[in-house]
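# Geometric and topological summary
Listed below are the residues making up each chain.
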Amino acid sequence: MTSSTSSIESAWTLAKERFSQLGIDAEAAMKKLDTLPVSIHCWQGDDVAGFENPEGSLTGGIQATGNYPGKAKNAQQLRADLEQAISLIPGPNRLNLHAMYLESDTPVARNEIEPKHFSQWVEWAKKNKLGLDFNPSCFSHPLSADGFTLSSANPEIRQFWIEHCQASRRVSASFGKALNTPSVMNIWIPDGMKDLTVDRLAPRQRLMSALDEVISEKLDAKHHIDAVESKLFGIGSESYTVGSNEFYLGYAASRQTALCLDAGHFHPTEVISDKISSAMLFVPRLLLHVSRPVRWDSDHVVLLDDETQAIANEIVRHNLFDRVHIGLDFFDASINRIAAWVIGTRNMKKALLRALLEPTDMLKTLEIDGDYTARLALLEEQKCLPWQAVWDIYCLRHDVPVGGQWLENVRHYEKTELAKR
């Protein structure tokens, strides 16, 4: 045992005792964390470019800023980068794929994608013991150029995107079947208008009808879960977003699909942590896209900030482990892309661990008893509990770097691999 390992073990022993004084089993908290996978988004690694057309440009309210060297240019590089990131993140993970990350020697229309176009991803996921999630790619395409896809007034365009989403569901189900864990498929569309809109109803009627057609094929819930994602606005849809929060909350509740809440898709004064308990009363499942908005929907790397912690607390306090799926959604091309994955994912897991180490039962009792003074005092005092020592031992047990040591691995990979691109 090295001196560094010894100090980590010693700190863990003291922390375990400190938590036990509050009735918290730190060992049990780590075991629970081992059952909570975080779905890492593939698109951080290549700036949301995909592999259909390397020269393609982003459209549909999506923009990656920065030009840090070494981005992945093909699936092999992206998978290698993901492996490097995952090796530095403790605990279970999943991978979230977009449809435009298919692999084919010949061009494939988006409404003609098949499971075979993602077979290498499945084999890679098996090797790395990962579940896969999926997304139709309803943006950065000639047929999304006017800002409308599933809600388009043009029936041919609308039908194309319906078929794309239907094909995506079959791909998603194939993931779940092959990997023996359900794939959550999230539908997000960029549809909306930049300026004043006269008819707000008709596009939403078309979207509702199109979505009904998309999910009409019955798929085994053991393999596939449908989710729909709202948005407040984006580039090109500042004045009107067809798929608003109200639309999708109503749709998910009435059709009993999962509802996706993205931390970056709401007004700056809103937070999704406050929406979780309300939405869970009406929908069977939630998909959370944990992100960090800065002034608007900018999808910055996730921090261990108040909102990330509040999201984790809501999941843990209400025992939503089997109904909430945790995913990440950010893309920053101004910093090392692998480091972005590691920072964001480790922060999400730290927040979950801190939530699992909270004396929730004690806090709930104080609340029921009306002792709000003690509730506030304990909430503040527990922030200083030695959760970091528990996180360090968790990393050590999963054989990943403790503290900021992981950055040395990323720097080495940058010099030996990324610099060659």
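Residues numbered from 1 in each chain as written. Predicted model: local features only at pLDDT ≥ 70, side-chain atom pairs only at ≥ 80, totals over all residues. Heavy atoms only, no water.

What follows deals with helix α3 (residues 75-86). With 12 residues, α3 ought to run about 16 Å at 1.5 Å a step, and its terminal C-alpha atoms sit 16 Å apart, in line with that. Taken residue by residue, α3 has A75, Q77, L78, R79, D81, L82, Q84, A85 and I86 as its buried positions. Those residues of α3 that are buried are in contact with β1 (38-41), β2 (93-98), α4 (119-127), α10 (337-356) and α14 (406-416). If you check the start of α3, you find a side-chain oxygen 3.1 Å away from the backbone N of Q76, and it comes from N74. (Helix = DSSP H or I, 4+ residues; strand = E, 2+ residues; numbered from the N terminus. Expected span 1.5 Å × (residues − 1). Buried < 20%, exposed > 50% of the residue type's maximum accessible area, 1.4 Å probe, protein only. Contact = heavy atoms within 4.5 Å. Polar contact = N/O pair within 3.5 Å; in protein donor to acceptor, adjacent residues only side chain to side chain.)

In globular proteins that are soluble, nonpolar side chains generally tend to be buried together. Formed by 122 residues in total, the largest nonpolar core has its most connected members in L97, W121, L150, L286 and L288. Here this core takes 11 residues from α10, the largest share from any one element. Residues within four places of L150 in sequence aside, it is in contact with R158, W161, I162, C165, I187, I189, D191, R206, L207, A210 and L211. V184, I225, A227 and C260 belong to the second largest nonpolar core, which has 6 residues in total. (Core = buried A, V, L, I, M, F, W, Y, C linked by side-chain atoms within 4.5 Å.)

Aromatic ring pairs are reported here in terms of the distance separating the ring centres and the angle at which the planes meet. By the definition in use, this model includes 10 aromatic pairs. Centre to centre, the rings of F118 and F134 are 5.1 Å apart; their planes meet at 80°, and the pair counts as edge-to-face. Taken together, the positions of F118 in the loop between β2 and α4 and F134 in strand β3 (residues 131-135) put the pair 16 residues apart, joining distant regions of the chain. Residues F118 and F134 agree in their burial class; the two are buried. When the centroid spacing of 5.0 Å and the interplanar angle of 85° are considered together, the rings of F160 and W161 count as edge-to-face. Relative accessible area serves as the criterion here: at 12%, F160 is assigned to the buried category. Taken together through their ring pairs, the aromatic side chains of F118, F134 and F175 make up a single cluster. Of note, K32 hangs over the ring of F321, and the distance from its end group to the ring centre comes to 4.2 Å. R79 extends its terminal NZ or CZ atom over the ring of W121, reaching a point 4.7 Å from the ring centre. (Phe/Tyr/Trp six-rings, centres within 6.5 Å; stacked < 30°, edge-to-face > 60°. Lys NZ or Arg CZ within 6 Å of the ring centre and 35° of its normal.)

When the UniProt feature table is mapped onto this chain, "binding site: Mn(2+)" (unreviewed entry) is found at H265, D297 and D299. Maximum C-alpha separation among the annotated residues is 9.1 Å over a sequence range of 35 residues, consistent with a single clustered spot. Here D297 is to be found in strand β11 (residues 296-300). Taking relative accessible area as the criterion, D297 reaches 8% and is therefore assigned buried. (UniProt positions renumbered as here; feature names shortened; annotations may be inferred.)

Counting buried residues along strand β8 (residues 258-262), 5 of its 5 residues qualify, which places the element largely inside the surrounding structure. Burial along β8 is two-sided: A258, C260 and D262 facing one way and L259 and L261 facing the other are all buried. In the sheet, strand β6 (residues 224-229) pairs with β8 via 3 bridges, with the strands oriented parallel. Within the sheet, the bridge partner assigned to A227 lies in β8 and is A258. (Pairing = 2+ DSSP bridges.)

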